[in-house]
Structure formats: structure tokens, C-alpha cells
Amino acid sequence: MSSSSAAPAAKPPMREALVAAAFQLFLERGYEQTTVDDIVALAGVGRRSFFRYFPSKEDVVFPDHERCLADMTAFLAAGGEEHEPVRRVCDAARLVLGMYAENPTFSVQRYRLTKQVPGLRAYELSVVWRYERALAEYLRGRFAGRPEGTLRADVVAAAVVAAHNNALRSWLRSDGLGDAGAAVDHALGYVQKAFGRGTEPAAAPVRAAAVAAGEPAGPAEDVVVLVSRRDTPLWRVVQELETALGRC
């Protein structure tokens, strides 16, 4: 007669164990009342192990943002000229959503904790700013040389972050119920409609020069093309131009 026993469950990696211990204590005692010593005692490791993974107690609340920011930066850097830039930054924002959506329970717990602790809220805003800066830097490169390219890059980056966060927080307030991806897609759709391909301000150097010279620029479609031989006298070219414009 043979007997078998279930294999013992593998321990979670130390990093995940520290995060789990920290949130257990945050929920039981409160964030401010929990120390790093408390966390490492529950996780069964030393202080040095904690600081090997997290520079501070705040960082254990946001354990995946550094990885996500690195993934976003690499995703943007891999984009080529064939990628429409506004769509590219919207797709980059979806990487952040994926980080939240892969563990809804943890994301909701963190959202509630962050609302309760002003210091964590400030920390979160600094993280959000880093995402926005990464998007803006990519767009500045893509919009270089365009009219008001830097301004457009910064405005689009801010709009992407605002749209993403609006949908994300609505999902978190619902306790992670519903389709987070659909909500974020809907919000980012506003950004793409407002700033995507086909919405750039048209450059009109000829009309701009006319306005600068104090002349009426006329409607954008009012264009005259005059074809003349290279050896035609200048006075004749002017005469033909005046005739074409109906001034004689």
C-alpha cells in the first residue's frame, strides 16, 4: 500500500513576501502605525533584505511602478516613424493599466490606502509625473520641427495621463468591477480624436509671410501658380501675374 503526501507550497519570492506582509499590517494596524521592523518580522527576513528591494516604506506600496515605467520607456523607444505618435503614447498608457488590472484586489487595497495617507498621495503624484514626463519626451522627439511641437507634446502627454487616470480611478472606486480596459479605451479615444493624426495645425508659410507683411492672406485655397520661361523679362512676369489675379 503506497501513500503519498502533497508537496509543500513553494514560498513566494522575498519581494512578494515583503509586499504581502506590509499590506497585511497596513490593513490591520494602519500605514503610519506599521514600521519596517514590523514588516520584516512578519515576513521572516532582516532589515537589510527589505532595503535591498525597497528604498523606503513608501516604495513597498508601489512595488511595480519602476518596472512598469521601464517597460513603457522601452516600448516608446521601440516605436518607429510608422507609428502614429498619439496612438503610440495611448498604447503606452495601456501598459500601466495592465499593471493594475493583473491584480485587482491589490490595486483596490492600494487605492484605498493612498486616499487615507496624504504622504502616499504625494508619492503617487510624483510617480504619475514620471509617466507623464516619459510620454512628453517621446512626443517632443516625434513633434520636433512642427509648429509648437514642444507645446503640443506636453499637452498631449498631460491629456493621456488625465484620461487614463480618470478611467482607472473610476474602476478602482467600483472595487475593480467591470471592464477596466474598455473604460480606459473609451477615455483614450477622446485624446486620439482631439490630437491624433489629421488634427495637427496646418503649416502655411506663404500665408503667414503675407500676414507678417501686412497683406491680406486670403482664403487657404486661393492659390495661383504662374508658369513662365526662364528668360522672360521680369516686367512681363509681373504683367502676367497681375492678369492672372484680375488686376488689369
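Data block above holds the structure.
What counts, and where the lines are drawn
- Residues numbered from 1 in each chain as written.
- Predicted model: local features only at pLDDT ≥ 70, side-chain atom pairs only at ≥ 80, totals over all residues.
- Heavy atoms only, no water.
- Core = buried A, V, L, I, M, F, W, Y, C linked by side-chain atoms within 4.5 Å.
- Buried < 20%, exposed > 50% of the residue type's maximum accessible area, 1.4 Å probe, protein only.
- Helix = DSSP H or I, 4+ residues; strand = E, 2+ residues; numbered from the N terminus.
- Contact = heavy atoms within 4.5 Å.
- Salt bridge = Lys/Arg side-chain N within 4 Å of Asp/Glu carboxyl O.

Colleague: When you look at the nonpolar core in this model, what are you seeing that I'm missing?
Modeller: For soluble globular proteins, nonpolar side chains are generally found buried alongside one another. Counting 40 residues, the largest nonpolar core has Met-72, Val-89, Tyr-131, Leu-135, Leu-139 and Val-160 as its most contacted members. For this core, the secondary-structure elements that each account for two or more residues are α5 (65-77), α6 (85-101), α7 (104-116), α8 (118-142), α9 (149-173) and α10 (180-195). The element contributing the most residues to this core is α9, with 11 residues. If sequence neighbours within four positions are ignored, Met-72 has contacts with Ala-92, Ala-93, Leu-95, Val-96, Tyr-131, Ala-134 and Leu-135.

Colleague: How should I be thinking about unusual backbone geometry in this particular structure?
Modeller: Excluding glycine, most residues fall at negative phi; most peptide bonds, likewise, are trans. Phi angles above zero are rare outside glycine, and Glu-148 is one such case at about 55 degrees. Here Glu-148 lies in the loop between α8 and α9. When its relative accessible area of 59% is taken as the criterion, Glu-148 is described as exposed. In this structure, Asp-175 takes a positive phi of about 65 degrees despite not being glycine. When you line up the elements, Asp-175 lands in the loop between α9 and α10. Residue Asp-175 is classed as partly exposed on the basis of its relative accessible area, which comes to 42%.

Colleague: When you look at the pattern of salt bridges in this model, what are you seeing that I'm missing?
Modeller: Pairing is possible between side chains of opposite charge, provided their charged atoms come close. Inspection of every chain in the model, using the stated rule, returns 12 salt bridges. A salt bridge links Asp-91 to Arg-94, with the shortest nitrogen-to-oxygen separation between them at 2.7 Å. Note that Asp-91 and Arg-94 are positioned in helix α6 at a spacing of 3 residues, about one turn of the helix. Asp-91 sits in the partly exposed class, given a relative accessible area of 27%. One salt bridge connects Asp-154 with Arg-140, and the closest N-O pair in it is separated by 2.8 Å. Of this pair, Asp-154 sits in helix α9 while Arg-140 is found in helix α8, placing the two residues 14 residues apart along the sequence.

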